Amino acid sequence: MLLHAPPSPCLSLLSTKSRPKAGLLSPENCLLSSDIYYSIPPKRLENSIWVSSKRSIFSSATTKAASVEGVAGASAISTGVAESDVLKALSQIIDPDFGTDIVSCGFVKDLHINESSGEVSFRLELTTPACPIKDMFEQKANEVVAMLPWVKNVNVTMSAQPARPIFSEQLPVGLQKISSIVAVSSCKGGVGKSTVAVNLAYSLAGMGARVGIFDADVYGPSLPTMVSPENRLLEMNPEKRTIIPTEYLGVKLISFGFAGQGRAIMRGPMVSGVINQLLTTAEWGELDYLVVDMPPGTGDIQLTLCQVVPLTAAVIVTTPQKLAFIDVAKGVRMFSKLKVPCVAVVENMCHFDADGKRYYPFGRGSGSQVVEQFGIPHLFDLPIRPTLSASGDSGMPEVVANPQGEVAKTFQNLGICVVQQCAKIRQQVSTAVRYDKSINAIRVKVPDSDEEFLLHPATVRRNDRSAQSVDEWTGEQKLQYTDVPEDIEPEDIRPMGNYAVSITWPDGFSQIAPYDQLQMMERLVDCPQPTPAQA
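Residues numbered from 1 in each chain as written. Predicted model: local features only at pLDDT ≥ 70, side-chain atom pairs only at ≥ 80, totals over all residues. Heavy atoms only, no water.

Enquirer: What should I look at first to understand the overall build of the protein chain in this one?
Expert: Check the secondary structure of the protein chain and you find 13 helices and 26 strands. Looking at the 535 residues of the protein chain, the share that counts as buried comes to 51%. Summing over all exposed atoms, the protein chain offers an accessible surface of approximately 24700 Å²; the carbon and sulfur share of this is 51%. (Helix = DSSP H or I, 4+ residues; strand = E, 2+ residues; numbered from the N terminus. Buried < 20%, exposed > 50% of the residue type's maximum accessible area, 1.4 Å probe, protein only. Areas by Shrake-Rupley, 256 points an atom, 1.4 Å probe, with all protein chains shown as cover.)

What follows is the structure in structure tokens.
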């Protein structure tokens, strides 16, 4: 779904050749009717972002229709051909990021074909309502199906899957329906971090996503100044003992500044507790993105946030000065240690234009230096604009006040980048560690690595380093080699943030296995290939 800043890699592409899909409904499985409704569950693709837990039409299909008396057998064949034609046409549309057609990705739902009138209707279900190329998908789907000679009318509707994190059951209740949590950080005050966080959030909302903002700066909350909600006080649900966020222009907001106490005067441990309570007990509901405006620094508060909240990604904000780069570098290293990928750098206050010239009052190079030194893939420049500063003081974000302006376009490109990168990260994490029953091996492909290796399940279980397996005081191994049978198989493997997986074993034990630890274990080299019966 996305890009750096100029050209969008999200343009929907047509493949050069239409490839017929194997396993389509055979004529004998089609109902005898000229008006047939097909419910097409999507295909599970382990290497695709656009995934679903339902099965694909290529493995099964159900039809909803009443058979029409007296229809000849030839009609059944034409019905199967019609469906095949539509799916073949749609399979020409390729998701540009993953190189997979939208039929295999599982986008196509509720295919309804009326051959007598030449009408075709279906739904394209995307994983996020903020998909930057959803309009292109809709346009191309209309075009390729309309090109079929027997089609007279095409009706395409767009939808998105419900918001859900990869490992919701391991999270506090308030965070269980949030798909992606994005930290906006600078580790230095005064560089425009809150400005970037608020405008990024409203850019994502403008793309159709459900968004929330959490202002994590208790000492100096900025959110109450930068937005103007009608209700400026947080409310408590007395029955659930939860916090109800306030809202402005459809975006949910939580800040200590809305707690009626202004700025906090308290010690670090108390602040960490307040932040934890505000964030985890809030009724966020279903959100596609929660943008966290991180406070400056790399101390207790930042570490608490990173450890309590499963951050999907981080956006780094800096300014051109060397001093800003030094502090930002500390923040990037902190996120690296906590296995939170930094997906973009925003260099604020880069330049201004006057008298037909471009001036760089604070120098140049800090943002590009962060990108080059730490390998962060995307860099966005924000100019010095009086309107950007004024909008922050007026309570209306710049992207809302002037959605067609140059600054708004930069934030829109940043939003597209965040959508794309979060989708890729979620896909990588969800398929990083999985059990291959056909060869009795655990397949591991750590995010941001091209290497895939195999581990024996018994080896993984024996290398558990928790208190149940190793004495915390003496370091003595409590779990003995013979305690683990050679034929042990994991019952379930689930991601835990971007750094580990949780493996459930038959004895009920839940093992936390960090990626770093898995990479150090003895690997399977000569692994038996699955037989046709096993496969």
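Enquirer: What's the story with the packing of helix 3 (residues 193–206) against helix 11 (residues 406–430) in this structure? I'm lost.
Expert: The relative placement of two packed helices is expressed as an angle between their axes plus a distance between the axes. Running from N to C, helix 3 and helix 11 cross one another at 75°; their axes reach a closest spacing of 9 Å. Put simply, helix 3 runs roughly perpendicular to helix 11. Counting all contacts with helix 3, which are made through T195, V196, N199, L200, S203 and L204, the residues of helix 11 involved are F411, Q412, L414, G415, V418 and V419. Its residues assigned to classes, the contact of helix 3 with helix 11 comprises seven nonpolar, five polar and no charged. (Axes fitted to C-alpha atoms, helices over the stretch in contact; angles between N-to-C directions. Parallel < 35°, antiparallel > 145°, perpendicular 65-115°, else oblique. Contact = heavy atoms within 4.5 Å. Nonpolar A, V, L, I, M, F, W, Y, C, P; charged D, E, K, R; others polar.)

Enquirer: Would you explain the packing of aromatic side chains in this entry?
Expert: The geometry of an aromatic ring pair is captured by the separation of the ring centres together with the interplanar angle, meaning the angle of the planes. Enumeration according to the criterion identifies three aromatic pairs in this entry. Look at F352 and Y359: their rings are 5.3 Å apart centre to centre, the planes differ by 20°, and that puts the pair in the stacked class. The ring of Y481 has R462 lying over it, and the distance from NZ or CZ to the ring centre is 3.7 Å. The ring of F453 is capped by R523, whose NZ or CZ atom sits 3.8 Å from the centre of that ring. (Phe/Tyr/Trp six-rings, centres within 6.5 Å; stacked < 30°, edge-to-face > 60°. Lys NZ or Arg CZ within 6 Å of the ring centre and 35° of its normal.)

Enquirer: It is not clear to me how the pattern of salt bridges should be interpreted in this structure. Could you clarify?
Expert: Where charged atoms from two side chains of opposite charge approach closely, those side chains can pair. The full count for this structure, using the stated rule, is 18 salt bridges. R461 serves as the salt-bridge partner of D507, at 3.5 Å between the closest nitrogen and oxygen. Here D507 is found in the loop between strand 25 (500–504) and strand 26 (510–514), whereas its partner R461 is found in helix 12 (residues 457–462), with 46 residues between them in sequence. On the accessibility criterion, D507 (55% relative accessible area) is exposed. Judged by relative accessible area, which is 4%, R461 ranks as buried. (Salt bridge = Lys/Arg side-chain N within 4 Å of Asp/Glu carboxyl O.)

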